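# Coordinate analysis (summary)
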Amino acid sequence: MSDSALRLVWIYPDLLSTYGDRGNVLVVERRARQRGLDVQRIDVRSDQPVPTSGDIYLIGGGEDRPQRLAGERLRQDPGLARAVDNGAIVFAVCAGYQILGHEFIDDRGQRTPGLGLLDVWSTRGEGARNVGDILAEPDPRLGLPSLTGFENHQGITHLGQGVSPLAQVSVGGGNGTGDGTEGAWRDTVFGTYLHGPIMARNPAVADLLIKLALDVNALPPVDNTWYDALRAERIAAAQQPA
């Protein structure tokens, strides 16, 4: 972690903050402050360089054209890749998840290069969109409880050998490949289709990022009453018959 404060970087809120994913930044920031940590939050707009000295980088979802613009600008800016090389944590949602991969389909229907920070590539499905609540069991190595979120995408994201699925879905479409996988991760880079926002529904994910940044195995407990109520409500809703 940075010497003076936890540096939390929110990438391109002007392009990739369509589905309420800004809530992820708010939750990570609050849960860090509840543990007595100083937090320096940096919102990086698409006309600004991405700093290389952040500890946690968050990227949200967006529509197809903003996704293409974000991908183009991030490919021209080495800041995020350098930060990952320095050991920074990256957590990206939906369009941001696809940008982290090798390629995705843009608003013009063309294959567009991604950043190659995750060994995944995304195509576009021909059928109905994956829309609705999702439940998934995370990779046991992450030490997380069941994940709840909301998906709204038509992407199909294929995983290469260099990554592991973030989770296996029990309700929902996930990566859309038909194998039950959801998201992908390697080392300190994570991608998912889960909105919600995911950190509000799953505060343990926010805590995981903080623990990785601090290089610790546990954090002091905090009040989870509000989060637990939200989780219980959304899990019950997802388990209702269609």
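Residues numbered from 1 in each chain as written. Predicted model: local features only at pLDDT ≥ 70, side-chain atom pairs only at ≥ 80, totals over all residues. Heavy atoms only, no water.

As recorded in an unreviewed UniProt entry, the protein chain goes by the name Lipid II isoglutaminyl synthase (glutamine-hydrolyzing) subunit GatD, listed as coming from Streptacidiphilus monticola. What UniProt records for the protein chain under Function (unreviewed entry) is the sentence "The lipid II isoglutaminyl synthase complex catalyzes the formation of alpha-D-isoglutamine in the cell wall lipid II stem peptide. The GatD subunit catalyzes the hydrolysis of glutamine to glutamate and ammonia. The resulting ammonia molecule is channeled to the active site of MurT." According to its UniProt record, the protein chain has this under Sequence similarities (unreviewed entry): "Belongs to the CobB/CobQ family. GatD subfamily." (UniProt positions renumbered as here; feature names shortened; annotations may be inferred.)

### Examining the sheet that holds strand β14 (residues 189–192)
Within the open sheet, the six strands sit side by side as β2-β1-β3-β4-β14-β13. Their pairing is mixed. Each edge of the open sheet is held by one strand with a lone partner, namely β2 (39–44) and β13 (184–186). For this sheet the average axis-to-axis angle between neighbouring strands, irrespective of direction, equals 10 degrees. Pairing of β13 with β14, which is carried by three bridges, proceeds in the antiparallel orientation. (Pairing = 2+ DSSP bridges. Helix = DSSP H or I, 4+ residues; strand = E, 2+ residues; numbered from the N terminus. Axes fitted to C-alpha atoms, helices over the stretch in contact; angles between N-to-C directions.)

### Some thoughts on the UniProt feature "domain: CobB/CobQ-like glutamine amidotransferase" (unreviewed entry) in the protein chain
The positions that UniProt labels "domain: CobB/CobQ-like glutamine amidotransferase" (unreviewed entry) are, in the present scheme, residues 8–202. Here residues 8–202 is 22% helix and 33% strand, with 18 Å between the C-alpha atoms at its ends.

### Describing the side chain of Asn175
Considering the arrangement of structural elements, one finds Asn175 in the loop between β11 (167–171) and β12 (181–182). Exposure remark for Asn175: the relative accessible area of 0% places this residue in the buried category. Apart from the residues within four sequence positions on either side, Asn175 is in contact with Tyr97, Gly155, Ile156, Thr157, Leu159, Thr181, Glu182, Gly183 and Tyr193. (Buried < 20%, exposed > 50% of the residue type's maximum accessible area, 1.4 Å probe, protein only. Contact = heavy atoms within 4.5 Å.)

### A short note on the environment of Thr148
Mapped onto the elements, Thr148 comes out in strand β9 (residues 147–153). On the basis of relative accessible area, Thr148 is assigned to the buried category, the value being 0%. On a C-alpha basis, the gap between Thr148 and His195 in space is 9.0 Å, while along the polypeptide they are 47 residues apart. Once you skip the residues sitting within four places of it in the chain, Thr148 turns out to touch Ile134, Leu135, Leu194, Arg201, Asn202, Arg231, Arg234 and Ile235.

### Looking at the sheet that holds β9
The strands making up a sheet are joined through hydrogen bonds of the backbone, oriented either antiparallel or parallel. Read from one edge of the open sheet, four strands run β9-β8-β11-β12, paired in antiparallel fashion. The outermost strands of the open sheet, each flanked by one partner alone, are β9 and β12. Bridging between β11 and β12 involves two bridges; their strand directions are antiparallel. Across the sheet, Ala167 pairs through a bridge with Glu182, a residue of β12. Running at roughly 110 degrees to strand β8 (residues 130–138), helix α7 (residues 225–238) makes contact with β8, β9 and β11 of the sheet.

### Things to note about the side chain of Asn202
As for its placement among the helices and strands, Asn202 is situated in the loop between α5 (198–201) and α6 (203–214). Overall, Asn202 belongs to the buried group, its relative accessible area being 2%. At 2.7 Å, the side chain of Asn202 and the backbone oxygen of Thr148 are in polar contact. Those residues within four positions of Asn202 in sequence are excluded, and the remaining contacts are Ser146, Leu147, Thr148 and Arg231. (Polar contact = N/O pair within 3.5 Å; in protein donor to acceptor, adjacent residues only side chain to side chain.)

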